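Overview (structure and organization)
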Amino acid sequence: MAGYGVSAAASAAARLRELIAAGQMPPGHQLREVALAAELDVSRNTLREAFTALAGEGLVERIRNRGVFVAVPKADDVRRIFAARRLMEPAALAWGEFDSGQLDTLRMHAERAELAQRWGDLDGMAAENQAFQTVLMLVGGSDILNGLMGRIQAAMRLLFDSMSAVPAFHALYVQGHRKVAELLDAGEPFGAAQAWREVLANAEAELLKHLTA
(Lines give C-alpha, C1' and ligand atoms only; values in the text may rest on other atoms or scores of the structure.)
Protein backbone atom coordinates (compact mmCIF):
# COMPACT_ATOMS: atom_id res chain seq x y z
CA MET A 1 0.00 0.00 0.00
CA ALA A 2 1.19 3.58 -0.58
CA GLY A 3 2.85 5.38 2.31
CA TYR A 4 1.84 8.77 3.65
CA GLY A 5 2.42 11.48 1.07
CA VAL A 6 3.11 8.98 -1.74
CA SER A 7 0.40 8.17 -4.27
CA ALA A 8 -0.65 4.60 -4.94
CA ALA A 9 0.49 5.02 -8.56
CA ALA A 10 3.94 6.25 -7.48
CA SER A 11 4.27 3.32 -5.09
CA ALA A 12 3.26 0.87 -7.81
CA ALA A 13 5.74 2.44 -10.23
CA ALA A 14 8.49 2.19 -7.61
CA ARG A 15 7.74 -1.49 -7.03
CA LEU A 16 7.78 -2.26 -10.74
CA ARG A 17 11.05 -0.34 -11.07
CA GLU A 18 12.53 -2.48 -8.29
CA LEU A 19 11.43 -5.68 -10.02
CA ILE A 20 13.00 -4.56 -13.29
CA ALA A 21 16.23 -3.59 -11.51
CA ALA A 22 16.31 -7.01 -9.81
CA GLY A 23 16.10 -8.75 -13.18
CA GLN A 24 12.67 -10.24 -12.50
CA MET A 25 11.13 -8.49 -15.49
CA PRO A 26 13.50 -8.77 -18.46
CA PRO A 27 13.30 -6.80 -21.72
CA GLY A 28 10.22 -7.77 -23.72
CA HIS A 29 8.37 -9.18 -20.70
CA GLN A 30 4.63 -8.51 -20.96
CA LEU A 31 3.08 -6.70 -17.99
CA ARG A 32 -0.34 -8.30 -17.62
CA GLU A 33 -2.66 -5.76 -16.10
CA VAL A 34 -5.08 -7.98 -14.16
CA ALA A 35 -2.42 -10.16 -12.54
CA LEU A 36 -0.15 -7.21 -11.68
CA ALA A 37 -2.95 -5.13 -10.20
CA ALA A 38 -3.79 -8.03 -7.89
CA GLU A 39 -0.13 -8.64 -7.00
CA LEU A 40 0.49 -4.97 -6.16
CA ASP A 41 -2.91 -4.54 -4.48
CA VAL A 42 -3.90 -1.55 -6.62
CA SER A 43 -6.73 -0.80 -9.02
CA ARG A 44 -6.21 -1.24 -12.74
CA ASN A 45 -6.54 2.54 -13.21
CA THR A 46 -3.77 3.09 -10.66
CA LEU A 47 -1.61 0.53 -12.43
CA ARG A 48 -2.16 2.32 -15.73
CA GLU A 49 -0.92 5.53 -14.11
CA ALA A 50 2.19 3.66 -12.99
CA PHE A 51 2.69 2.37 -16.54
CA THR A 52 2.47 5.93 -17.84
CA ALA A 53 5.17 7.06 -15.41
CA LEU A 54 7.46 4.17 -16.36
CA ALA A 55 6.84 4.76 -20.07
CA GLY A 56 8.04 8.34 -19.55
CA GLU A 57 11.26 6.91 -18.08
CA GLY A 58 11.73 4.57 -21.04
CA LEU A 59 11.30 1.45 -18.89
CA VAL A 60 8.10 0.15 -20.46
CA GLU A 61 6.39 0.59 -23.80
CA ARG A 62 2.80 0.28 -24.92
CA ILE A 63 2.29 -1.64 -28.13
CA ARG A 64 -1.06 -0.99 -29.75
CA ASN A 65 -3.47 -3.92 -29.66
CA ARG A 66 -0.92 -6.01 -27.79
CA GLY A 67 -0.40 -4.47 -24.34
CA VAL A 68 2.39 -3.10 -22.14
CA PHE A 69 5.88 -4.60 -22.24
CA VAL A 70 9.17 -4.02 -20.48
CA ALA A 71 11.23 -1.93 -22.90
CA VAL A 72 13.93 -3.40 -25.10
CA PRO A 73 16.87 -0.95 -24.90
CA LYS A 74 17.85 1.08 -27.93
CA ALA A 75 20.96 3.11 -28.76
CA ASP A 76 19.28 6.39 -27.72
CA ASP A 77 18.52 4.85 -24.30
CA VAL A 78 22.20 4.04 -23.85
CA ARG A 79 23.26 7.59 -24.65
CA ARG A 80 20.64 9.08 -22.32
CA ILE A 81 21.52 6.82 -19.39
CA PHE A 82 25.27 7.19 -19.69
CA ALA A 83 25.05 10.97 -20.03
CA ALA A 84 23.51 10.98 -16.54
CA ARG A 85 25.92 8.42 -15.13
CA ARG A 86 28.99 10.33 -16.32
CA LEU A 87 27.82 13.39 -14.41
CA MET A 88 26.58 11.74 -11.21
CA GLU A 89 28.89 8.89 -10.34
CA PRO A 90 32.36 10.41 -10.92
CA ALA A 91 31.20 13.49 -8.97
CA ALA A 92 30.24 11.26 -6.05
CA LEU A 93 33.69 9.68 -6.13
CA ALA A 94 35.54 12.98 -6.42
CA TRP A 95 33.64 14.96 -3.80
CA GLY A 96 31.75 12.43 -1.72
CA GLU A 97 32.86 11.83 1.85
CA PHE A 98 33.30 8.09 2.23
CA ASP A 99 33.54 6.72 5.74
CA SER A 100 35.43 3.52 6.56
CA GLY A 101 32.27 1.44 6.45
CA GLN A 102 31.38 2.64 2.95
CA LEU A 103 34.90 1.97 1.72
CA ASP A 104 34.68 -1.53 3.16
CA THR A 105 31.37 -2.01 1.37
CA LEU A 106 32.85 -0.91 -1.96
CA ARG A 107 35.72 -3.36 -1.51
CA MET A 108 33.27 -6.11 -0.64
CA HIS A 109 31.26 -5.54 -3.82
CA ALA A 110 34.47 -5.43 -5.87
CA GLU A 111 35.54 -8.79 -4.44
CA ARG A 112 32.12 -10.34 -4.96
CA ALA A 113 32.08 -9.13 -8.57
CA GLU A 114 35.44 -10.82 -9.13
CA LEU A 115 34.11 -14.07 -7.66
CA ALA A 116 31.02 -13.87 -9.86
CA GLN A 117 33.29 -13.37 -12.87
CA ARG A 118 35.33 -16.47 -12.00
CA TRP A 119 32.14 -18.50 -11.70
CA GLY A 120 30.78 -17.13 -14.98
CA ASP A 121 27.82 -15.65 -13.09
CA LEU A 122 26.74 -12.70 -15.24
CA ASP A 123 23.67 -12.02 -13.11
CA GLY A 124 25.93 -11.84 -10.06
CA MET A 125 28.28 -9.44 -11.84
CA ALA A 126 25.34 -7.22 -12.79
CA ALA A 127 23.98 -7.29 -9.23
CA GLU A 128 27.34 -6.30 -7.74
CA ASN A 129 27.70 -3.44 -10.19
CA GLN A 130 24.30 -2.12 -9.16
CA ALA A 131 25.22 -2.45 -5.50
CA PHE A 132 28.48 -0.57 -6.16
CA GLN A 133 26.53 2.25 -7.84
CA THR A 134 24.14 2.41 -4.90
CA VAL A 135 26.98 3.03 -2.46
CA LEU A 136 28.28 5.87 -4.65
CA MET A 137 24.93 7.62 -4.61
CA LEU A 138 24.32 7.06 -0.90
CA VAL A 139 27.50 9.00 -0.20
CA GLY A 140 25.79 12.05 -1.69
CA GLY A 141 23.14 11.87 1.02
CA SER A 142 20.46 13.17 -1.35
CA ASP A 143 17.00 11.66 -1.75
CA ILE A 144 16.86 13.26 -5.19
CA LEU A 145 20.04 11.47 -6.29
CA ASN A 146 18.83 8.21 -4.79
CA GLY A 147 15.57 8.53 -6.70
CA LEU A 148 17.42 9.13 -9.94
CA MET A 149 19.72 6.20 -9.26
CA GLY A 150 16.70 3.94 -8.81
CA ARG A 151 15.55 4.84 -12.31
CA ILE A 152 19.04 4.45 -13.75
CA GLN A 153 19.55 1.05 -12.13
CA ALA A 154 16.32 -0.26 -13.61
CA ALA A 155 17.35 0.99 -17.04
CA MET A 156 20.86 -0.43 -16.60
CA ARG A 157 19.46 -3.83 -15.70
CA LEU A 158 17.70 -3.93 -19.06
CA LEU A 159 21.00 -3.06 -20.73
CA PHE A 160 22.81 -5.77 -18.75
CA ASP A 161 20.21 -8.32 -19.82
CA SER A 162 20.65 -7.30 -23.45
CA MET A 163 24.39 -8.02 -23.04
CA SER A 164 23.96 -11.36 -21.27
CA ALA A 165 25.95 -13.14 -23.97
CA VAL A 166 28.89 -10.69 -23.84
CA PRO A 167 31.01 -11.48 -20.75
CA ALA A 168 33.65 -8.92 -21.77
CA PHE A 169 31.13 -6.13 -21.22
CA HIS A 170 30.52 -7.14 -17.60
CA ALA A 171 34.26 -7.60 -17.07
CA LEU A 172 34.78 -3.87 -17.74
CA TYR A 173 32.89 -3.11 -14.55
CA VAL A 174 34.63 -5.78 -12.49
CA GLN A 175 38.03 -4.30 -13.34
CA GLY A 176 36.73 -0.81 -12.62
CA HIS A 177 35.40 -1.77 -9.18
CA ARG A 178 38.80 -2.97 -8.04
CA LYS A 179 40.67 0.04 -9.41
CA VAL A 180 38.26 2.57 -7.90
CA ALA A 181 38.31 0.90 -4.50
CA GLU A 182 42.12 0.88 -4.49
CA LEU A 183 42.37 4.56 -5.48
CA LEU A 184 39.92 5.59 -2.76
CA ASP A 185 41.92 3.57 -0.23
CA ALA A 186 45.02 5.42 -1.38
CA GLY A 187 43.35 8.80 -0.79
CA GLU A 188 43.03 9.62 -4.50
CA PRO A 189 39.34 10.46 -5.05
CA PHE A 190 39.93 12.40 -8.26
CA GLY A 191 41.91 9.48 -9.67
CA ALA A 192 39.02 7.21 -8.74
CA ALA A 193 36.58 9.55 -10.49
CA GLN A 194 38.67 9.57 -13.67
CA ALA A 195 39.04 5.79 -13.60
CA TRP A 196 35.28 5.37 -13.29
CA ARG A 197 34.64 7.81 -16.15
CA GLU A 198 36.85 5.62 -18.33
CA VAL A 199 34.89 2.53 -17.32
CA LEU A 200 31.63 4.26 -18.21
CA ALA A 201 32.99 5.47 -21.56
CA ASN A 202 34.19 1.97 -22.49
CA ALA A 203 30.93 0.37 -21.35
CA GLU A 204 28.87 2.85 -23.38
CA ALA A 205 30.98 2.22 -26.48
CA GLU A 206 30.60 -1.55 -26.08
CA LEU A 207 26.82 -1.27 -25.68
CA LEU A 208 26.43 0.97 -28.70
CA LYS A 209 28.58 -1.37 -30.79
CA HIS A 210 26.31 -4.32 -30.02
CA LEU A 211 23.00 -2.47 -30.22
CA THR A 212 23.80 -0.85 -33.57
CA ALA A 213 25.52 -3.89 -35.12
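Quick summary incoming for the structure in this document. (Residues numbered from 1 in each chain as written. Predicted model: local features only at pLDDT ≥ 70, side-chain atom pairs only at ≥ 80, totals over all residues. Heavy atoms only, no water.)

With respect to the overall build of the chain
Helix and strand counts for the chain stand at nine helices and three strands. Across its three principal axes, the chain shows a C-alpha extent of roughly 55 × 45 × 30 Å. Looking at the 213 residues of the chain, the share that counts as buried comes to 46%. Considering only contacts in the chain between residues 6 or more positions apart, those separated by 24 or more positions represent 70%. Carbon and sulfur atoms make up 53% of the accessible area of the chain, which amounts to about 10700 Å² in all. Looking at the chain, you have 22 positive and 26 negative side-chain charges, and the mean spots of the two groups are 8 Å apart. (Helix = DSSP H or I, 4+ residues; strand = E, 2+ residues; numbered from the N terminus. Buried < 20%, exposed > 50% of the residue type's maximum accessible area, 1.4 Å probe, protein only. Contact = heavy atoms within 4.5 Å. Areas by Shrake-Rupley, 256 points an atom, 1.4 Å probe, with all protein chains shown as cover. Lys, Arg positive; Asp, Glu negative; His and termini not counted. Charge placed at Lys NZ, Arg CZ, Asp CG, Glu CD.)

Considerations on helix 9 (residues 189-211)
The end-to-end C-alpha distance of helix 9 is 33 Å, a good match for the 33 Å that 23 residues give at a rise of 1.5 Å each. Among the residues of helix 9, those classed as buried are Ala192, Ala193, Ala195, Trp196, Val199, Leu200, Ala203, Glu204, Glu206, Leu207 and Leu208. (Expected span 1.5 Å × (residues − 1).)

Focus: the environment of Leu172
On the secondary structure map, Leu172 appears in helix 8 (residues 167-185). Note: C-alpha distance between Leu172 and Lys74 (98 residues apart in sequence) is 20 Å. In this structure, Leu172 is in contact with Val199, Asn202, Ala203 and Glu206, ignoring residues within four places of it in sequence.

Here's the deal with the packing of aromatic side chains
If you walk through the whole model with that rule in mind, you get six aromatic pairs. Ring geometry for Phe160 versus Phe169: centroids 5.8 Å apart, planes at 55 degrees, classification tilted. Just as Phe160 is buried, Phe169 falls in that class too. Pairing Phe169 with Tyr173 gives two aromatic rings, centres 5.7 Å apart and planes at 85 degrees, and the pair type is edge-to-face. With a gap of four residues between them, Phe169 and Tyr173 both fall in helix 8, about one helical turn apart. The same class applies to Phe169 and to Tyr173, which are both buried. Three or more aromatic residues joined by ring pairs form one cluster here, namely Phe132, Phe160, Phe169, Tyr173 and Trp196. (Phe/Tyr/Trp six-rings, centres within 6.5 Å; stacked < 30°, edge-to-face > 60°.)

Notes on the pairing of strand 2 (residues 60-63)
The side chains of a regular strand alternate between the sheet's two faces. When strand 2 meets strand 3 (residues 67-70), the two strands line up antiparallel, connected through four bridges. Bridging across to strand 3, Val60 finds its partner in Val70. A loop of three residues connects strand 2 with strand 3, the two strands running antiparallel in sequence, and Asn65 in this loop sits at a positive phi of about 65 degrees. (Pairing = 2+ DSSP bridges.)

Take it as geometry only, folks, not as evidence of what the structure does.
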